[in-house]
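Architecture and fold: a report
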Amino acid sequence: MPFQISPAPELVAFDIYTKRDSAPSKDWAYTKSNITPSGVAPLTRPGGVSVASTFTVTVSLNRAQSWVLKAHLNDTKLLDHERLHHMIACCVGLKFYNEVSALVKPKLAALQTELTRAKAEADNLFKAITRKYDADTGSNTIASQQAAWATRIRGWYASKTLTF
Amino acid sequence: MGHSDPRLVREQDADILTTLTEMVAFSHRCLLLTCLACGGSGSAREAESPIKAPVVTKPAAGRRCVGARSTAPPPTARTTGCAPLSEALRSELTPLFARETKGDDGQLRVTVAFPCSGVTPAPAEITGAQVFGHGGLASVVGLERAADGDFRFRMIRVEQRLLGERVDETHPPFEFVRGSVPAGRVARAFERMRTGLAARITAQHDPPPGQLELGPIAVSSASIMIELRLRDAGGAVVERGYMGYVGSADAAERVPVEHAWQAFTEAWPEEDSKVSHDAEPEDRLLLESVWSLGGERDFYAEDGLLALAIAAGSPPLVGPISRDLYSDVSSTRTLAVAALATITGWDARLDASGKPRPLQDVVADYKRECSTP
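The following paragraphs examine the structure supplied in this document.

Cut-offs used in this document
- Residues numbered from 1 in each chain as written.
- Chains lettered and ligands numbered in written order.
- Predicted model: local features only at pLDDT ≥ 70, side-chain atom pairs only at ≥ 80, totals over all residues.
- Heavy atoms only, no water.
- Contact = heavy atoms within 4.5 Å.
- Buried area = accessible area lost by both parts, 1.4 Å probe.
- Salt bridge = Lys/Arg side-chain N within 4 Å of Asp/Glu carboxyl O.
- Pairing = 2+ DSSP bridges.
- Helix = DSSP H or I, 4+ residues; strand = E, 2+ residues; numbered from the N terminus.
- Axes fitted to C-alpha atoms, helices over the stretch in contact; angles between N-to-C directions.
- Buried < 20%, exposed > 50% of the residue type's maximum accessible area, 1.4 Å probe, protein only.
- Disulfide = S-S within 2.5 Å.
- Parallel < 35°, antiparallel > 145°, perpendicular 65-115°, else oblique.
- Left-handed = near helix turned anticlockwise from the far one by under 90°.

**With respect to the interface of chain B and chain A**
- Opposite the 39 residues of chain B that make contact, chain A presents 49 residues.
- Both faces considered, chain B and chain A share a buried interface measuring about 3900 Å² in area, 60% of it formed by carbon and sulfur atoms.
- On the chain B side of the interface with chain A, the three residues burying the most area are L212(B), L214(B) and I217(B), jointly 22% of the side's total.
- Seen at the junction of chain B and chain A, the total is three salt bridges.
- Across the pair D298(B) and R131(A) runs a salt bridge, and its minimum N-O distance is 2.7 Å.

**Remarks on the sheet that holds strand β1 (residues 3-6) of chain A**
- Here four strands make up an open sheet; going across it, the order is β1(A)-β7(A)-β4(A)-β9(B) and the pairing mixed. Bordering the open sheet on either side are β1 of chain A together with β9 (217-220) of chain B, each of which pairs with just one other strand. The sheet shows a mean angle of 15° between the axes of neighbouring strands, direction not considered.
- Strand direction decides the pairing type here: β1(A) and strand β7 (residues 56-61) of chain A, joined by four bridges, are parallel. For F3(A), the partnering residue across the bridge sits in β7(A) and is V57(A).
- Across the sheet, helix α1 (residues 76-102) of chain A touches β1, β4 (32-38) and β7 of chain A together with β9 of chain B, and the angle it forms with β7(A) is around 175°.

**Thoughts on the pattern of salt bridges**
- Taken as a whole and judged by the stated rule, the model has 37 salt bridges over all chains.
- Across the pair E280(B) and R178(B) runs a salt bridge whose closest N-O atoms are separated by 3.5 Å. Placement of the pair is E280(B) in the loop between β12 (274-276) and α6 (281-291) and R178(B) in strand β7 (residues 174-181), with a sequence separation of 102 residues.
- On the accessibility criterion, R178(B) (9% relative accessible area) is buried.
- Two residues, R349(B) and D347(B), come together in a salt bridge whose shortest N-O distance is 2.7 Å.
- Put simply, D123(A), K127(A), D250(B), R254(B) and E258(B) are held in one network by salt bridges that share partners.

**A few points about the state of the cysteines**
- All told, the structure shown has two disulfides over all chains when counted by the stated rule.
- Across a sulfur-sulfur distance of 2.0 Å, C65(B) and C370(B) are joined as a disulfide pair. Disulfide C65(B)-C370(B): torsion about the S-S bond near 115°, hence right-handed. Pair noted here: C65(B) is in the loop between β1 (55-56) and β2 (68-69) and C370(B) is in helix α10 (residues 359-370), with a separation of 305 residues, a long-range link. C370(B) matches C65(B) in its accessibility class, with the two residues each being buried.
- Bridging C82(B) to C116(B), the disulfide has an S-S length of 1.8 Å. With the S-S dihedral at roughly -110°, the linkage between C82(B) and C116(B) falls on the left-handed side. Residue C82(B) is located in the loop between β2 and α3 (87-102), and its partner C116(B) is located in the loop between β3 (109-113) and β4 (123-132); the two are separated by 34 residues in the primary sequence.
- Free cysteine C90(A): the closest other cysteine sulfur is in C91(A), separated by 6.7 Å.

**Focus: the packing of α3(B) against helix α4 (residues 183-198) of chain B**
Residues and elements named next belong to chain B.
- One way to put it is that α3 packs onto α4 with a least axis distance of 11 Å and a crossing angle of 55°. On the basis of the axis angle, α3 is oblique to α4. Regarding α3 and α4, the two cross each other, and that crossing is right-handed. Counted together, L89, R90, E92, L93 and F97 of α3 and E191, R192, T195 and G196 of α4 form the full contact between these two elements.

What follows is the structure in structure tokens.
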């Protein structure tokens, strides 16, 4: 399982979030996702060095730090908005996995440099998409834009192709 | 993507415009705001204030929206001084900052240094702004030493999401909190803040020889903006802020600022502080002062300040707010229009029959009338 997701975004529900009575931010929910590489060992091969087949990326919802206000536990629109934030992380994580898996460099140091760059790019990509998603949808207040973005993100996820 | 279906956006904009139009009407009633920029006389409350009324620039013939020069004290140049910091606080904060920066990444090597501070431990003023994206809370806060030695506290806050709700005049979304804080309490907070803001954190991975290293990436749905300005009794100033989506990559920049904000809150008065729904001239000066903090802001940060400007804007903000009319984000343009309507008293959002006009037409009017050529 070189690329894993836990849980699948469509299975994300508020019952796995931490429940709160209130939040200083006055926000209603917070979703934290982790994109975690493991098994990052070098493999010498014709043409240079790559990461070994043990390389794995796991995208997971951080259940302990993701939270929802109790008053909004049954807010399906809010849930879908947050679920799509996690789905963006899944799409970015898969792109990151594919890019790193394809890297071949003549020297170990050059491969390490590329790994560091790929990680920074994945982080920047997530933030750029998330910013645009929130800006266009008015953070889930413009229903037509929210629906358009749901179609777009689910399209990336289903096709395993992120085009942004 | 984005505004691929402009008709749908305009429908939404019209709805928001209607609500914000009601909000402005409410603000006019409650805040006794008159059209200073149009040459109208100030309210009684403003006339009684020791704060001078903003100096209105001479309007071009026929213009309904002009700014004014600021009456806020000019920001002091950032200091190049190097005041020592408490060893005890540095020792306390070093492991805390290292742990928070490291997060879930056990292999990250974090170094925390506190070279020195640009301000001394004697506080004169603390000014800050905090905005939570996603429709959360936006607030600006000021603490300033008064003649009696204590500090006067002011906070303007709005739960941004409520701006999209129908106006409930018994529970308006804007709150003005005022109080007084003993000097000792402010001094303790100031010391933690100046120490925290002096922190310089570096974080890196050092893979073992012959190995590769690739740490985890933590990302989130939360965007925040924090801007802080400390001024000491000698007039020296330190400013530092953070703006972004909370994640692991920029924790080294975010952690000290978050800590300083938390320390700031410990200097705030207790819950029995006076809460009002009316802006005083000093509130408007506070918002004006905060606007000059930081540099260019992302949309969620700017939206938070624009929301506050609906209730506490002033003619000197007409220029900066007019630039938001050119934003590519719909909510920013909508809020900019609402703020300009409140500040100038000229509301172009409804047509003669009282129906909302298309946002693009309204924005065009304000661009023409408010923007500096």
